[in-house]
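# An overview of the molecular structure
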Amino acid sequence: MRKLIIAGNWKMNNGPSATRSLLAQMKEKITDVKENVRVLVCPPSVSLPAAAEALNDLPSVDLGAQNVHFEESGAYTGEISTEMLSELGVNYVIVGHSERREYFGETDEIINKKVLRLVENGFIAIICVGERLEERKDGSYFDVVKTQLKGALKKVPFNRMPHVVIAYEPVWAIGTGETASPEQAQEMHAFIRKEIASLYEKSESESLPILYGGSMKPGNAAELLSQPDVDGGLIGGASLKADDFAQIVEIANQQR
Ligand code: PGA
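Residues numbered from 1 in each chain as written. Predicted model: local features only at pLDDT ≥ 70, side-chain atom pairs only at ≥ 80, totals over all residues. Heavy atoms only, no water.

Turning our attention to the pairing of strand E3 (residues 61-65). Counting buried residues along E3, four of its five residues qualify, which places the element largely inside the surrounding structure. Remark: the strand E2 (residues 37-42)/helix H2 (residues 48-54)/E3 crossover connection has right-handed handedness. As for the winding sense of the linkage, the β-α-β connection from E3 through helix H3 (residues 82-87) to strand E4 (residues 92-95) is right-handed. (Buried < 20%, exposed > 50% of the residue type's maximum accessible area, 1.4 Å probe, protein only. Helix = DSSP H or I, 4+ residues; strand = E, 2+ residues; numbered from the N terminus. Right-handed = clockwise from strand over helix to strand, strands pointing away.)

Here the focus is the packing of helix H1 (residues 16-29) against helix H11 (residues 242-255). Between two packed helices, both the angle of their axes relative to each other and the distance between the axes serve to describe the pair. Two numbers describe how H1 lies on H11: the axes approach to 9 Å, and their chain directions differ by 40 degrees. Taken together, H1 and H11 sit at an angle that is classed as oblique. Between H1 and H11 lies a crossing whose hand is right-handed. Side by side, H1 and H11 meet where Leu22, Gln25, Met26 and Lys29 of the first sit next to Ala242, Asp243, Phe245 and Ala246 of the second. Residue composition of the contact of H1 with H11, by class: five nonpolar, one polar and two charged. (Axes fitted to C-alpha atoms, helices over the stretch in contact; angles between N-to-C directions. Parallel < 35°, antiparallel > 145°, perpendicular 65-115°, else oblique. Left-handed = near helix turned anticlockwise from the far one by under 90°. Contact = heavy atoms within 4.5 Å. Nonpolar A, V, L, I, M, F, W, Y, C, P; charged D, E, K, R; others polar.)

Here the focus is the sheet that holds strand E5 (residues 124-129). Pairing is parallel in the closed barrel, where eight strands are placed in the order E1-E2-E3-E4-E5-E6-E7-E8. Taken pair by pair, the neighbouring strands of this sheet meet at an average axis angle of 25 degrees, ignoring direction. In this sheet, strand E7 (residues 210-213) lies alongside strand E6 (residues 164-168) in parallel orientation, the contact comprising three bridges. Opposite tyrosine 168, over in E7, you have tyrosine 212 as the bridge partner. Packed onto the sheet, helix H5 (residues 108-120) meets E4, E5 and E6 and runs at close to 170 degrees relative to E4. This element, H11, spans strand E1 (4-9), E2 and strand E8 (232-235) of the sheet and lies at about 170 degrees to E1. (Pairing = 2+ DSSP bridges.)

The subject of this paragraph is the pattern of salt bridges. For the structure shown, the criterion picks out 14 salt bridges. A salt bridge links glutamate 106 to arginine 100; the shortest N-O distance between them is 3.0 Å. The shortest N-O distance in the salt bridge between arginine 193 and aspartate 229 comes to 2.6 Å. Of this pair, arginine 193 sits in helix H8 (residues 182-199) while aspartate 229 sits in the loop between helix H10 (218-225) and E8, placing them 36 residues apart in sequence. For the pair formed by arginine 193 and aspartate 229, the shared burial category is buried. Here the salt bridges do not stand alone but share partners, grouping Arg2, Arg193, Lys202, Glu206, Asp229 and Asp231 into one network. (Salt bridge = Lys/Arg side-chain N within 4 Å of Asp/Glu carboxyl O.)

None of this, on its own, says anything about what the molecule does.
If you want it as structure tokens, here you go:
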């Protein structure tokens with residue numbers, strides 16, 4: 001049975017002091033995480049040291065980052081390297097989020113370079129894919145996701161696949177309050193698994209965690225997480241509230 005991963009993407013919210021206080025609240029509420037459930041939070045970069053320290057008291061929650069540069073070091077003003085993230089105990093990094101693609105010009109080629117840097121350096125890359133509303137409407141959504149997957153995973157060898165997590169995040173469901181139906185999510189997750197099986201082998205596709213993201217909240221998490229190919233959630237808005245996030249963790253516990 002695949003593990004369920006519940007990941008909080010805080011986006012550009014919570015500086016160091018807000019991070020300390022949110023994690024202190026989470027410590028009160030997230031008291032049990034089942035062995036087959038992984039929980040992580042991805043604060044903004046400047047808050048990673050505060051989060052790393054706070055998580056010493058909350059060992060059942062892992063630390064993730066929202067971005068990384070693909071080069072090892074050097075003249076890249078404003079950027080952060082894998083080595084810097086390692087020093088803080090970061091295990092997971094979100095790559096290719098639709099907001100990065102849309103507002104920061106991240107292409108499949110850039111995303112692929114980041115993925116390669118991460119998987120070669122022992123991190124787990126959470127690769128986001130997902131179609132826009134017009135692509136859902138015009139029926140091209142499978143092709144869009146297939147292209148994103150192939151682009152992100154170019155030259156990633158099969159033995160690095162345990163370092164890859166895919167997050168299916170339909171852009172029309174992010175921060176909009178609108179969620180993909182459990183059937184729509186399941187359909188796309190099954191498609192992603194099939195594509196991974198054709199790029200690699202069935203065994204890699206069977207063990208690949210595929211998360212759903214897009215307005216997941218306590219009220220819809222159970223239905224989404226009970227789909228056979230939905231292996232967790234990448235949660236934005238609801239991960240900023242200790243109560244909501246803890247409730248989603250509890251729902252994941254019940255699934256496992
Ligand atoms: P949301 O964000 O849960 O606020 O829709 C999800 C994400 O962008 O990762």
